[in-house]
Amino acid sequence: AAREDSKPCRCCGSGCGITGRQGEPISPTAGGHNAQEVLTPTLSDEVLLHRLVVLLKRGSQLRPAVTSYFRCAAPRGVMGPGQLSTFRSAISQVLSFPALVLADIHNEFLRFDFRGDGHIEVHECYRLVRFCLHRHLERTNAVPKEQPLRYNSLETAGYRVIS
């Protein structure tokens, strides 16, 4: 479903709304729908890790970008393993990180095929991309530190046990 307020995509002609860094639609030679390689400039490790941490937070542009591109790349609503290379190139270009961050996307495809039919839907694709970003952070030891769980007894939490 094309958005009426967006410009047609240079790659597929739909109003998918996928844009590059300066708001321009992505061309096929710059990581669009038919591209095989990403032309993303090399980011410093620190900038890349910060970018990935920001993308993994709630309300980031990750879900809208994955959803928008998925609908454009998979008009039938499902994506097969053959479409992953193109998807990986384009989504990494749109979200400004190297395609190598999603290196596991082919290996993890079956794990996120929740129905087991050999294809993934948009929510499965989002979880797959999110998993790959998180795994990259784990490999670089840059996973955000979790807050320690607080432990309270009933009494210290202000409750009283009635027998």
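Residues numbered from 1 in each chain as written. Predicted model: local features only at pLDDT ≥ 70, side-chain atom pairs only at ≥ 80, totals over all residues. Heavy atoms only, no water.

1. Points about the packing of aromatic side chains
Line of reasoning, step 1. In the structure shown here, the tally under the stated rule is three aromatic pairs.
Line of reasoning, step 2. Ring centres 5.4 Å apart and planes at 40° place the aromatic pair Y69 and F87 in the tilted group. Taken as a pair, Y69 in helix 2 (residues 62-73) and F87 in helix 3 (residues 84-94) lie far apart in primary sequence, 18 residues in all.
Line of reasoning, step 3. The buried category is assigned to Y69, whose relative accessible area is 1%.
Line of reasoning, step 4. F87 sits in the buried class, given a relative accessible area of 0%.
Line of reasoning, step 5. With a centroid separation of 5.4 Å and an interplanar angle of 50°, the aromatic rings of F112 and F131 are classed as tilted. In this pair, F112 sits in the loop between helix 3 and helix 4 (122-139) while F131 sits in helix 4, placing the two residues 19 residues apart along the sequence.
Line of reasoning, step 6. You can call F112 buried: its relative accessible area is 9%.
Line of reasoning, step 7. Note that R63 overlies the ring of Y126, its terminal NZ or CZ placed 3.9 Å from the centroid. (Phe/Tyr/Trp six-rings, centres within 6.5 Å; stacked < 30°, edge-to-face > 60°. Helix = DSSP H or I, 4+ residues; strand = E, 2+ residues; numbered from the N terminus. Buried < 20%, exposed > 50% of the residue type's maximum accessible area, 1.4 Å probe, protein only. Lys NZ or Arg CZ within 6 Å of the ring centre and 35° of its normal.)

2. Side note on the pattern of salt bridges
Line of reasoning, step 1. One pass over the structure, following the stated rule, counts six salt bridges.
Line of reasoning, step 2. A salt bridge links R139 to D104; the nearest nitrogen and oxygen atoms lie 2.8 Å apart. Within this pair, whereas R139 is found in helix 4, its partner D104 is found in the loop between helix 3 and helix 4, the two being separated by 35 residues in sequence.
Line of reasoning, step 3. Judged by relative accessible area, D104 falls into the buried class, the value being 12%.
Line of reasoning, step 4. Connected via shared salt-bridge partners are D104, E108, R111, R135 and R139. (Salt bridge = Lys/Arg side-chain N within 4 Å of Asp/Glu carboxyl O.)

3. Concerning the confidence of the model for the chain
Line of reasoning, step 1. Looking at the chain as a whole, the pLDDT averages 74, with 69% of positions reaching at least 70.
Line of reasoning, step 2. Within the chain, no element has a lower average pLDDT than helix 1 (residues 45-56), which sits at 84, and none a higher one than helix 4, at 91.
Line of reasoning, step 3. Of the regions scoring below 50 in pLDDT, residues 1-42 engages in 83 contacts with residues more than four places distant in sequence or in other chains. (pLDDT = per-residue confidence, 0-100. Contact = heavy atoms within 4.5 Å.)

4. Section: helix 3
Since one α-helical turn is 3.6 residues long, residues separated by three or four positions face the same way.
Line of reasoning, step 1. In terms of residue burial, helix 3 counts as a mostly covered element, since ten of its eleven residues are buried.
Line of reasoning, step 2. When helix 3 is considered as a whole, its buried residues turn out to be L84, T86, F87, R88, S89, A90, I91, S92, Q93 and V94.
Line of reasoning, step 3. Where helix 3 is buried, its residues touch helix 2 and helix 4.
Line of reasoning, step 4. Within two residues after helix 3, S96 carries a phi angle of roughly 65°, on the positive side.

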